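Residue strings, one per chain:
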Amino acid sequence: MAMTTIRWRVAASNVRAMSSSKRRLPNDGLELGDFIKLKLEKGEKGRLRLPPWLKREIPTGESFGKLKRQLRGLNLATVCEEARCPNIGECWGGSESGTATATIMLMGDTCTRGCRFCSVKTARKPPPLDADEPRKTAEAVASWGLDYIVLTSVDRDDVKDGGANHIAQTVVALKKTAPNLLVECLSPDFGGNRDALAALVAPEVKLDVFAHNMETVERLTPFVRDPRAKYRQSLAVLKSAKEINPDIVTKTSLMLGLGETDEEIETTLRELRDVGVDCLTFGQYMQPTKRHLKVVEYVTPEKFDHWARIGDAFGFLYTASGPLVRSSYKAGEFFIKNIVEGKRKELVKR
């Protein structure tokens, strides 16, 4: 499909505007970086202080409260809360257009894996799946009146297919309730089980966007992710999704600030394009609690702009790059929606 590459620099210009007045002190030539340490040297102890471009307001507002109450009433979990997303106030509270969104987290709030960057609860055997969850999710989303929804899930290695059929049933229920709804799934790797993956991405399920996060570069993967979440396995999952359903849009995300090098990032981007990944996001890793991995570096908004340009150069259809970008951040969905609708029009012409 011939398609113009879309680049979106997530609020990087807004971030610069927000902090530009503080970046330079009057008459002395000193800059913000002279006062705030942004990177730990090898072997250095201690923690970095949060730079101003990463500070967000405490979430409040009528829409925020209403959405939270509704999710509680339906016993649904969201990755927004479980992963302590810094954008929760903006997404749940609604933007200037008044649209509030949330990313539903399927299969409960407890994961069978223990990645060192993630604050979601873990257990070897979480509570059983809620068979009524697909219906409840469709009911909640229909009441929001959205045209784009993101589903994510915990890993469920205790379930035979990793929960693939459960997620697929949710997509089917959503499409039945709202046929024009665009659905993105931020998916587990299902232990590399291709049959389980096929249950979710098969054309008859009508999933629009399949997302699976690489999280980091290959060298850091064993230290950042659970041992069962392997770099090569994740690449294979993204490749298989395209092989099973060539018309599906594929997407992945990388966290920056864990100690990766520019060369390692570029190697990862090259490998992602080799397996046909369409969309890419870059965001800043932020340590959720003292028990988790420390931030090695706070990457500047200017550097995120650099990675947006590099993503374009590698040929991704969409690159979202900014300090507060997360893989399901709502601001990028408009652009992915255009990509999906373009693919739909091509299918109609065939």
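What comes next concerns the included structure. A quick note: this is a predicted structure, and the numbers were derived from the prediction, not measured.

With that settled, the discussion passes to the overall build of the protein. Secondary structure summary: the protein contains 12 helices and 11 strands in total. For the protein, the residues scored as buried account for 53% of the 350 residues in total. In the protein, of all internal contacts separated by at least 6 residues, the share reaching a separation of at least 24 is 77%. Here the protein has roughly 16700 Å² of accessible surface; of this, 51% comes from carbon and sulfur atoms.

On to the nonpolar core, then. One finds Leu 200, Leu 207, Phe 210, Leu 269, Leu 272 and Phe 282 to be the most contacted residues of the largest nonpolar core, which totals 70 residues. No other element matches helix H6 (residues 164-177), which puts six residues into this core. When near neighbours in sequence (up to four residues on either side) are disregarded, Phe 282 contacts Leu 254, Leu 256, Ile 265, Leu 269, Phe 304, Trp 307, Thr 319, Ala 320, Ser 321, Gly 322 and Val 325. Ala 320, Phe 335, Ile 336 and Val 340 belong to the second largest nonpolar core, which has 14 residues in total.

We now examine the packing of aromatic side chains. Any pair of aromatic rings gets described here by the distance separating the centres and the angle formed by the planes. With the rule as written, the count across this model stands at one aromatic pair. Look at Phe 282 and Trp 307: their rings are 5.8 Å apart centre to centre, the planes differ by 35 degrees, and that puts the pair in the tilted class. Taken as a pair, Phe 282 in strand E10 (residues 279-284) and Trp 307 in helix H11 (residues 301-314) lie far apart in primary sequence, 25 residues in all. The same class applies to Phe 282 and to Trp 307, which are both buried. Above the ring of Phe 316, the side-chain terminus of Arg 273 is found at 5.4 Å from the ring centroid.

Next up on the list: the pattern of salt bridges. Pairing between side chains of opposite charge can happen when the charged atoms of each approach one another. Taken as a whole, this structure holds 18 salt bridges when the rule is applied. Between Asp 155 and Arg 113 there is a salt bridge, with the nearest N and O atoms lying 3.8 Å from each other. Of this pair, Asp 155 sits in the loop between strand E6 (148-153) and H6 while Arg 113 sits in the loop between strand E4 (110-111) and strand E5 (121-122); the two residues are 42 residues apart in sequence, bridging distant segments of the chain. Of the two residues examined, Asp 155 and Arg 113, each falls in the buried class. The salt bridge involving Arg 135 is made with Glu 139; its shortest N-O contact spans 2.8 Å. With Arg 135 and Glu 139 both in helix H5 (residues 133-144), this residue pair falls four residues apart, about one helical turn. Taking the relative accessible area as the measure of exposure, Glu 139 reaches 41% and is therefore partly exposed.

Here we take up the pairing of E6. A large share of E6 lies buried, amounting to six of its six residues. Across the two faces of E6 the burial is the same, with Tyr 148, Val 150 and Thr 152 and Ile 149, Leu 151 and Ser 153 all buried. As defined by bridge partners, strand E3 (residues 103-106) adjoins E6 across four bridges and the pair is classed as parallel. For Ile 104, the partnering residue across the bridge sits in E6 and is Leu 151. Direction of pairing for E6 relative to strand E7 (residues 182-186): parallel, over a ladder of five bridges. Across the sheet, the residue bridging to Val 150 is Glu 184, located in E7. With H6 bridging E6 and its parallel neighbour E7, the resulting β-α-β unit is right-handed.

Among the residues of helix H7 (residues 194-201), those classed as buried are Ala 196, Leu 197, Ala 199, Leu 200 and Val 201. Considering only its buried residues, H7 is in contact with H6, E7, strand E8 (209-211) and helix H9 (231-244).

Structurally, Asp 278 can be placed in the loop between helix H10 (262-274) and E10. Using a relative accessible area of 8% as the deciding quantity, one classes Asp 278 as buried. Beyond its immediate sequence surroundings of up to four residues, Asp 278 is in contact with Lys 242, Ile 248, Val 249, Thr 250, Phe 316, Leu 317 and Tyr 318.

Attention shifts here to unusual backbone geometry. Positive phi values are uncommon outside glycine, yet Met 107 reaches one of about 70 degrees. Counting through the fold element by element, Met 107 comes out in the loop between E3 and E4. Phi at Phe 190 takes a positive value of approximately 55 degrees, unusual for a residue other than glycine.

What counts and how
- Residues numbered from 1 in each chain as written.
- Predicted model: local features only at pLDDT ≥ 70, side-chain atom pairs only at ≥ 80, totals over all residues.
- Heavy atoms only, no water.
- Helix = DSSP H or I, 4+ residues; strand = E, 2+ residues; numbered from the N terminus.
- Buried < 20%, exposed > 50% of the residue type's maximum accessible area, 1.4 Å probe, protein only.
- Contact = heavy atoms within 4.5 Å.
- Areas by Shrake-Rupley, 256 points an atom, 1.4 Å probe, with all protein chains shown as cover.
- Core = buried A, V, L, I, M, F, W, Y, C linked by side-chain atoms within 4.5 Å.
- Phe/Tyr/Trp six-rings, centres within 6.5 Å; stacked < 30°, edge-to-face > 60°.
- Lys NZ or Arg CZ within 6 Å of the ring centre and 35° of its normal.
- Salt bridge = Lys/Arg side-chain N within 4 Å of Asp/Glu carboxyl O.
- Pairing = 2+ DSSP bridges.
- Right-handed = clockwise from strand over helix to strand, strands pointing away.

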